[in-house]
Amino acid sequence: MTSDVTLCECFARDGLQHEPQFVPTATKRALVERFAALGFPRVEATSYSNPKVVPQFADASELLKSIERKPGVFYKATCANVKAVERALADLEAGSGANEISLLVSATESHTRKNLNRTRAEQWRNIADTVAAAGGRFRLVGTISVAFGCPFEGAVDPARVLGFVADLAAAGADEVVLADTVGVGVPRQVKHLVSEAVKLAPRVGVHLHNTRNTGFANAYAALEAGATVLDASVGGLGGCPFAPRATGNISTEDLVYMLHGEGIDTGIDLAALITVAEWLEGQLGRQLPGQVYRAGTFAPVAA
Ligand code: ZN
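All of the points below concern the structure found in this document.

The rules behind the values
- Residues numbered from 1 in each chain as written.
- Predicted model: local features only at pLDDT ≥ 70, side-chain atom pairs only at ≥ 80, totals over all residues.
- Heavy atoms only, no water.
- Donors = N, O, S within 2.8 Å, 3.2 Å for Na, K, Ca; no water.
- Helix = DSSP H or I, 4+ residues; strand = E, 2+ residues; numbered from the N terminus.
- Buried < 20%, exposed > 50% of the residue type's maximum accessible area, 1.4 Å probe, protein only.
- Axes fitted to C-alpha atoms, helices over the stretch in contact; angles between N-to-C directions.
- Parallel < 35°, antiparallel > 145°, perpendicular 65-115°, else oblique.
- Left-handed = near helix turned anticlockwise from the far one by under 90°.
- Contact = heavy atoms within 4.5 Å.
- Pairing = 2+ DSSP bridges.
- Right-handed = clockwise from strand over helix to strand, strands pointing away.
- Arc of directions from axis to C-beta.
- Phe/Tyr/Trp six-rings, centres within 6.5 Å; stacked < 30°, edge-to-face > 60°.
- Lys NZ or Arg CZ within 6 Å of the ring centre and 35° of its normal.
- Core = buried A, V, L, I, M, F, W, Y, C linked by side-chain atoms within 4.5 Å.
- Salt bridge = Lys/Arg side-chain N within 4 Å of Asp/Glu carboxyl O.

Looking at the coordination of the zinc ion
Phase 1 of the analysis: For the zinc ion, the full set of protein donor atoms is Asp14 (OD), His207 (NE2) and His209 (NE2), at a range of 1.9 to 2.1 Å.
Phase 2 of the analysis: Each donor residue of the zinc ion belongs to the same chain, and together they define the spacing D-x192-H-x1-H. Of the two residues, Asp14 sits in helix H1 (residues 11-17) while His209 sits in the loop between strand E7 (204-208) and helix H9 (215-224), which places them 195 residues apart along the sequence.
Phase 3 of the analysis: The exposure class assigned to Asp14 is buried, which follows from its relative accessible area of 3%.

Details of the packing of helix H10 (residues 252-261) against helix H11 (residues 270-284)
Phase 1 of the analysis: In the contact formed by H10 and H11, the axes pass within 9 Å of each other and the chain directions differ by 160 degrees. On the basis of the axis angle, H10 is roughly antiparallel to H11. By crossing handedness, the relation of H10 to H11 is classed as left-handed. Counted together, Thr252, Glu253, Val256 and Tyr257 of H10 and Leu270, Leu273, Ile274 and Ala277 of H11 form the full contact between these two elements.

Details of the pairing of strand E6 (residues 175-180)
Phase 1 of the analysis: Among the six residues that make up E6, six are buried, leaving the element largely enclosed by the rest of the structure.
Phase 2 of the analysis: As defined by bridge partners, strand E5 (residues 139-145) adjoins E6 across four bridges and the pair is classed as parallel. Residue pairing in the sheet places Thr143 in a bridge with Val177 of E6.
Phase 3 of the analysis: The sheet contact formed by E6 and E7 spans five bridges and is parallel. When the sheet's bridge partners are listed, Ala179 is paired in E7 with His207.
Phase 4 of the analysis: On the question of chirality, the crossover connecting E6 to the parallel E7 by way of helix H8 (residues 187-197) is right-handed.

As for the environment of Leu255
Phase 1 of the analysis: By secondary structure assignment, the location of Leu255 is in helix H10.
Phase 2 of the analysis: Taking C-alpha positions, Leu255 is 7.7 Å from Ala232, a pair spaced 23 residues apart along the chain.
Phase 3 of the analysis: With sequence-adjacent residues up to four places away left out, Leu255 is seen in contact with Leu7, Phe216, Ala219, Leu230, Ala232 and Ile250.

Quick word on H8
Phase 1 of the analysis: Along H8, the residues classified as buried are Val190, Leu193, Val194 and Ala197. Viewed along the axis of H8, the buried residues span an arc of 95 degrees, placing them on a single side of the element.
Phase 2 of the analysis: In this fold, the buried residues of H8 make contact with helix H7 (158-171), E6, E7 and H9.

Structural notes on helix H5 (residues 109-116)
Because the α-helix completes a turn every 3.6 residues, residues three or four places apart line up on one side.
Phase 1 of the analysis: Listing the buried residues of H5 in full gives His111, Thr112 and Leu116. The buried residues of H5 occupy one face: seen down the axis, they fall within an arc of 105 degrees.
Phase 2 of the analysis: In the core, the buried residues of H5 are packed alongside strand E4 (100-106), helix H6 (120-134) and E5.
Phase 3 of the analysis: Looking one or two residues beyond H5, the residue adopting positive phi is Asn117, at roughly 60 degrees.

Observations regarding the packing of aromatic side chains
Phase 1 of the analysis: Scanning the entire structure with this criterion turns up three aromatic pairs.
Phase 2 of the analysis: Judged by centre distance (6.0 Å) and plane angle (80 degrees), the rings of Phe35 and Phe40 are edge-to-face. In this structure, Phe35 and Phe40 share a single accessibility class: buried.
Phase 3 of the analysis: Clustering of aromatic rings is evident, with ring pairs tying together Phe11, Phe35 and Phe40.
Phase 4 of the analysis: Above the ring of Tyr75, the side-chain terminus of Arg69 is found at 5.0 Å from the ring centroid.

Comments concerning the nonpolar core
Phase 1 of the analysis: Membership of the largest hydrophobic core comes to 88 residues, with the highest contact counts inside it found for Leu7, Ile101, Ile144, Leu178, Val194, Leu230 and Leu255.
Phase 2 of the analysis: Residue contributions to this core peak at seven residues, all from H11.
Phase 3 of the analysis: In this structure Leu230 touches Val5, Thr6, Leu7, Cys8, Val206, Ala219, Leu223, Leu255 and Leu259, once residues within four positions along its chain are discounted.

Focus on unusual backbone geometry
Phase 1 of the analysis: In this structure, Val146 is a non-glycine residue whose phi angle is positive, near 45 degrees.
Phase 2 of the analysis: Looking at the element boundaries, Val146 is found in the loop between E5 and H7.
Phase 3 of the analysis: Phi at Asn213 is positive, roughly 65 degrees, even though this residue is not glycine.
Phase 4 of the analysis: Mapped onto the elements, Asn213 comes out in the loop between E7 and H9.
Phase 5 of the analysis: A relative accessible area of 60% means that Asn213 is categorised as exposed.

Focus on the pattern of salt bridges
Phase 1 of the analysis: Going through the model one piece at a time under the given rule, you end up with 14 salt bridges.
Phase 2 of the analysis: In this structure, the salt-bridge partner of Arg29 is Glu33, at a minimum N-O distance of 2.8 Å. Of this pair, Arg29 and Glu33 both sit in helix H2 (residues 25-37), four residues apart, which is roughly one turn of the helix.
Phase 3 of the analysis: Classification of Glu33 by relative accessible area gives partly exposed; the value is 23%.
Phase 4 of the analysis: A salt bridge links Lys191 to Glu224, with the shortest nitrogen-to-oxygen separation between them at 3.5 Å. Within this pair, whereas Lys191 is found in helix H8, its partner Glu224 is found in helix H9, the two being separated by 33 residues in sequence.
Phase 5 of the analysis: Of the residues examined, Glu224 reaches a relative accessible area of 43% and is grouped as partly exposed.

As far as function goes, none of this settles anything; it's purely spatial.
Shown next as structure tokens:
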């Protein structure tokens, strides 16, 4: 098992994307800065989505401008198309942009059409165009949605997903993230896909939702198979518009608890992270899916 694990805190993008209430920019800023201070080497900060489609991120540029940067931390923004990359570049030129962007493809035709409103052929032209527009100015993360199963098409052929991993690497992605968007994967699948993907891309990560409670087993399997990046969201927030009853991402504090217990040093202050989850519960007015923030840590596993 690798001890080289990068945790990406996704709350400010995946976690908030499905929150109906607009979260004030100042709150987002405080959270992103807090995550960096707690030791996350990478923080998903926002998305350059069309504000008409995703109003939660209408403040992307304003937010990025306000965030006080911690040296060495990567602040990620999702860029679904050339227009998004152009906005990211303009912010970068102004000295306040993201230094990492994620590009999206879907493993299936139906999810591509519904989520990105393109055909699969168009999505690859879009990747080529966005990479060209980015011009080597950002670290590029290629994310493959529904890599372990699709809400419209069911099982997804692993050979196709691996082909996409190779295609993203060839297009210039520095890293490829396999996303279990609707939380259907099981460890056997994760082990197989990740162990093959690491042969095809410079670095491989997983983005796991805990919809069917397999998220943590899948994270463990991914690490055993050679993944070095794990996405997670504090409190386990997040969702998917096509899986309305889905719970969110694997919760970061639960993941950190497990990794520290396994002797993997994440560099993250677990006790402080738990206080963020507690605070969020109060802010959102509901219990969050995460469990460690409610159960507390256990003495033999150092916080
Ligand atoms: Zn997600």
